Amino acid sequence: MKYTDLCNSGVEKLMTYEPGRPIEEVARELGLDADSIIKLASNENSLGPSPLALTAMSQLAESVHLYPDGGAYYLRQAIAAKLGVKAGQVLPGNGSNELIELLGHAFLGPDAGIVMADMAFVVYRLVAAAEKAPVISVPMQDYTHDLDAMLAAIEPSTKIVFISNPNNPTGTMVSGEALDAFINSVPEHVIVCVDEAYIELLAPDQQPDMLKYIGTNHKVVVLRTFSKAYGLAGLRIGYAVADAECISLLHKVRQPFNVNAMAQAAAIAALQDDEHVARSRNMVRDGLAFFEQEFSAAGLRYVPSVTNFIMVEVGNGVKIFEAMQRRGVIIRPMAGAALAGWVRITVGTPEENRRCMQALIESIAQEMR
Ligand SMILES: Cc1ncc(COP(=O)(O)O)c(C=O)c1O
């Protein structure tokens, strides 16, 4: 008997998540100097980690022989104070990815499924599949969540609606007003999970306020991460904000020490680093303007983005990705038939953006020969 005969039937059918390729792997494979490669593939922060987080990490390094605080007390306090919620309404996780998984463990199953947009963040689909939960995939309109269609798609068995806002990979967002109307219309048995991984990169007056629902009768779970605006992707730290009853259920399905000590210390410090977030936001704003102008000049179709990545249509996404990789620029080809002609590029520093654009133009020219 094979392992595949033994495993949970949801698992065998799962596709393996393909992350952006690490610089060292590409260097090894193509015989390139790692220092000459740039990675604009995983929506990381090219400004690097928050400097306050770096200092906190070096101070903590001497005590990593001790287990972390399993309850992440100080981090929960810091997040709660920053957001104006209660500490019992916050659960940190090993990246916001872990929180998506915990939601799956706690709420999904063969009779308890999800509604999501067809081009929304793929992890929702993977987590549901692992729980053998049905997935209702609703087509986007203009690469944007179609909330009316998502509302109409909800079934009695639907437990969670996932909305990534802004959405990865399309870079689009829905307005706070549209979300308010949606949240006020969903049936009582449905949890609305608003994944705000990129929210801090929006200008403050552009950030929809979903935290106002926490502690009300509305079942809203907000997910956030330190991987993007705060530049801490390598530490794996994100958090959920929800009603305390929901958070206590998620505690039951997490590991005892799900957030490491370094990540807790860095995140507490990073939360105070408004300057780093503001610099990151400005870098993204200028970088998006650069790419949009260059794409237009080159006659390339793109989806206008509000965040730190942008999708552009290039013909054959995988071929262009490979050609750019040979030029030392790692981007992301889009999976799935609907987006096979597209790639997603993370906005980097001005120098990285220029190099990326040059590699893109050369790669397209080469593929057309
Ligand atoms: C929309 C969205 N949600 C969640 C995540 C997961 O982020 P992390 O696990 O690094 O917190 C990502 C990462 O790219 C994302 O794009």
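Residues numbered from 1 in each chain as written. Predicted model: local features only at pLDDT ≥ 70, side-chain atom pairs only at ≥ 80, totals over all residues. Heavy atoms only, no water.

Focus: the site of the ligand
Item 1. With respect to spatial proximity, 13 residues lie near the ligand, and among them Ser-96, Asp-195, Tyr-198, Thr-225 and Ser-227 are the closest.
Item 2. At 3.0 Å, a backbone N or O of Asn-97 approaches an oxygen atom of the ligand.
Item 3. One of the side-chain N or O atoms of Ser-227 is found 2.6 Å from an oxygen atom in the ligand.
Item 4. Isolated, the ligand exposes 400 Å² of accessible area, and the fraction of that covered by the protein chains is 94%.
Item 5. Of the residues contributing to the shell around the ligand, the split by class is three nonpolar, seven polar and three charged. (Near = heavy atom within 4 Å. Polar contact = N/O pair within 3.5 Å; in protein donor to acceptor, adjacent residues only side chain to side chain. Areas by Shrake-Rupley, 256 points an atom, 1.4 Å probe, with all protein chains shown as cover. Nonpolar A, V, L, I, M, F, W, Y, C, P; charged D, E, K, R; others polar.)

Brief notes about the side chain of Ser-96
Item 1. With respect to the secondary-structure elements, Ser-96 resides in helix H6 (residues 96–107).
Item 2. Taking relative accessible area as the criterion, Ser-96 reaches 11% and is therefore assigned buried.
Item 3. With residues near it in sequence (within four places) discarded, Ser-96 still touches Leu-223, Arg-224, Thr-225 and Gly-238. (Helix = DSSP H or I, 4+ residues; strand = E, 2+ residues; numbered from the N terminus. Buried < 20%, exposed > 50% of the residue type's maximum accessible area, 1.4 Å probe, protein only. Contact = heavy atoms within 4.5 Å.)

Examining the domain arrangement of the chain
Item 1. Under the domain assignment used here, the chain contains domain 1 (3–48 + 275–368) and domain 2 (51–272).
Item 2. If you average the C-alpha positions of domain 1 and of domain 2, the two centres end up 24 Å apart.
Item 3. Residue-level contacts link 30 residues of domain 1 with 30 residues of domain 2.
Item 4. For the domain 1 and domain 2 pair, buried surface summed over both sides reaches about 2400 Å², with 67% attributable to carbon and sulfur atoms.
Item 5. Taken as a group, Tyr-17, Arg-281 and Val-306 account for 22% of the area that domain 1 buries against domain 2, more than any other trio of residues on that side.
Item 6. Linking domain 1 to domain 2 there are zero salt bridges.
Item 7. For the interface between domain 1 and domain 2, the tally reads nine residue pairs in polar contact (both at pLDDT 80 or more).
Item 8. When residues of the side of domain 1 that touches domain 2 are traced back to their parent elements, those giving at least two are helix H2 (9–12), helix H12 (274–297), strand E9 (309–313) and strand E12 (342–346).
Item 9. At five residues, H12 tops the list of elements feeding residues into the side of domain 1 that touches domain 2.
Item 10. When the residues that make up the side of domain 1 that touches domain 2 are grouped by side-chain class, the tally is 14 nonpolar, twelve polar and four charged. (Domains from an automatic or database assignment. Buried area = accessible area lost by both parts, 1.4 Å probe. Salt bridge = Lys/Arg side-chain N within 4 Å of Asp/Glu carboxyl O.)

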